[in-house]
Structure formats: C-alpha cells, structure tokens
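Spelled out from the first residue to the last, the chains are:
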Amino acid sequence: MNIVSICACTVGIAHTYIAAEKLEKAAEKKGHSIKIETQGTIGIENELTTEDINQADIVLLAVDVKVSAKERFEGKKVVEIPTDVAIKSPNKLIEKIEQISQQ
C-alpha cells in the first residue's frame, strides 16, 4: 500500500516529528510505502508532490491543527486522527488504514 501523510501538532515541534517517526516505522514494518510531510514551526518539510498524492492509496492526516493545502487530497480516501493516536498506537493505526483502503 502506498500512503501519504501529514503530521502537524499544535506547537509544531515534538509531537509532529515523533508521530512521523512512529508512522514511518509502523508502515515499513508492514511492508508499506509512506511519505510524510511535516508542518511545524519551521514550515513545511518534505512537501508531498502531486505525483506522491496521485500514487497514494490513502492519505493519513495525523494532525492537531488546521493544515495547509488540504484540498490537494480531494477524491482520495482520507483518514484524520490526532497526533497522539499515531504516537501511542501506530501499528493498530496502520492495520485500520489497511482495512479502510480495501473498502
């Protein structure tokens, strides 16, 4: 499965990057491809391209704040959760995303 994601927390520092790291490890563990854009205090990093989004099977938004350019994902299956879910239960989250992508 090909996943694209945005991680963004209210402060834009710790939880943003912890969530991204946990999701990356959980997705790779299950054999999935994941590309994660972070939107933090230093701005947007690892910005998702149109090609990344077009190739994605599902979009995962692990966010606690409004994210920039959310309209890019129109027409895609989008799962939105708070960053703490990605941090505390990344493996269960990936399993849930697998189920959603098959619907």
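This one's a predicted model, so the numbers in the text were calculated from it and none came from an experiment.

Parameters at a glance
Residues numbered from 1 in each chain as written. Predicted model: local features only at pLDDT ≥ 70, side-chain atom pairs only at ≥ 80, totals over all residues. Heavy atoms only, no water. Helix = DSSP H or I, 4+ residues; strand = E, 2+ residues; numbered from the N terminus. Buried < 20%, exposed > 50% of the residue type's maximum accessible area, 1.4 Å probe, protein only. Contact = heavy atoms within 4.5 Å. Pairing = 2+ DSSP bridges. Right-handed = clockwise from strand over helix to strand, strands pointing away. Core = buried A, V, L, I, M, F, W, Y, C linked by side-chain atoms within 4.5 Å. Axes fitted to C-alpha atoms, helices over the stretch in contact; angles between N-to-C directions.

*Asks:* Whenever I open this one, the environment of Ser-68 confuses me. Can you help?
*Replies:* By the element assignment, Ser-68 lies in the loop between strand E4 (58–63) and strand E5 (78–81). Exposure remark for Ser-68: the relative accessible area of 40% places this residue in the partly exposed category. Counting along the chain gives 42 residues from Ser-68 to Ala-26, while the straight-line C-alpha distance between them is 25 Å. Setting aside residues no more than four positions away along its own chain, Ser-68 makes contact with Gln-39 and Ile-44.

*Asks:* Quick question: what am I supposed to make of the side chain of Thr-83 here?
*Replies:* Locating Thr-83 in the fold gives a position in helix H3 (residues 83–88). Given the relative accessible area of 2%, Thr-83 is considered buried. Ignoring anything within four residues of it in the chain, the contact list for Thr-83 reads Ala-8, Cys-9, His-15, Ala-19, Ala-62, Val-63 and Asp-64.

*Asks:* I keep staring at the pairing of strand E2 (residues 33–40) and nothing clicks. Help me out?
*Replies:* Of all eight residues in E2, six are buried; the element is thus mostly enclosed. Relative to E2, strand E1 (residues 2–8) is paired through six bridges, and the arrangement is parallel. Counterpart to Val-4 in the pairing with E2 is Lys-35. Handedness of the crossover joining E1 and E2 through helix H1 (residues 14–29) is recorded here as right-handed. As paired strands, E2 and strand E3 (residues 43–45) are joined by three bridges and run antiparallel to one another. Bridging from a neighbouring strand, Gln-39 pairs with Ile-44 of E3.

*Asks:* What is the right way to look at the nonpolar core in this model?
*Replies:* Side chains of a nonpolar character, in soluble globular proteins, are inclined to be buried together. Ranked by internal contacts, the top residues of the largest apolar core, which has 19 residues, are Ile-3, Cys-7, Leu-23, Leu-60, Ile-81, Ala-86 and Leu-93. At five residues, H1 tops the list of elements feeding residues into this core. Among all residues touching Ile-3, those that are not within four sequence positions of it are Ala-27, His-32, Ser-33, Ile-34, Lys-35, Ile-58, Leu-60 and Ile-94. Ranked by size, the runner-up nonpolar core spans 11 residues in total, among them Ile-6, Leu-48, Val-59 and Phe-73.

*Asks:* When you look at the side chain of Thr-38 in this model, what are you seeing that I'm missing?
*Replies:* With respect to the helices and strands, the residue Thr-38 is situated in strand E2. Contacts of Thr-38, omitting those with residues within four sequence positions, involve Cys-7, Thr-16, Tyr-17, Ala-20, Gly-43, Ile-44 and Glu-45.

*Asks:* So what exactly am I meant to see when it comes to the sheet that holds E1 here?
*Replies:* Across a sheet, strands are paired by hydrogen bonds formed along the backbone, either parallel or antiparallel in direction. Strand order in the open sheet formed by five strands is E3-E2-E1-E4-E5, and the pairing between neighbours is mixed. Every other strand in the sheet has two partners, leaving E3 and E5 as the edge strands with one partner each. Across the sheet, the mean angle separating the axes of adjacent strands is 15° when strand polarity is ignored. By the bridge criterion, four bridges tie E4 to E5 in an arrangement that is parallel. Within E5, the position partnered with Val-59 by the bridge is Val-78. Packed onto the sheet, H1 meets E1, E2, E3 and E4 and runs at close to 180° relative to E2. Along the sheet, helix H4 (residues 90–101) makes contact with E1, E4 and E5, crossing E4 at roughly 145°.

Functional significance is not addressed by these values, which are geometric in nature.
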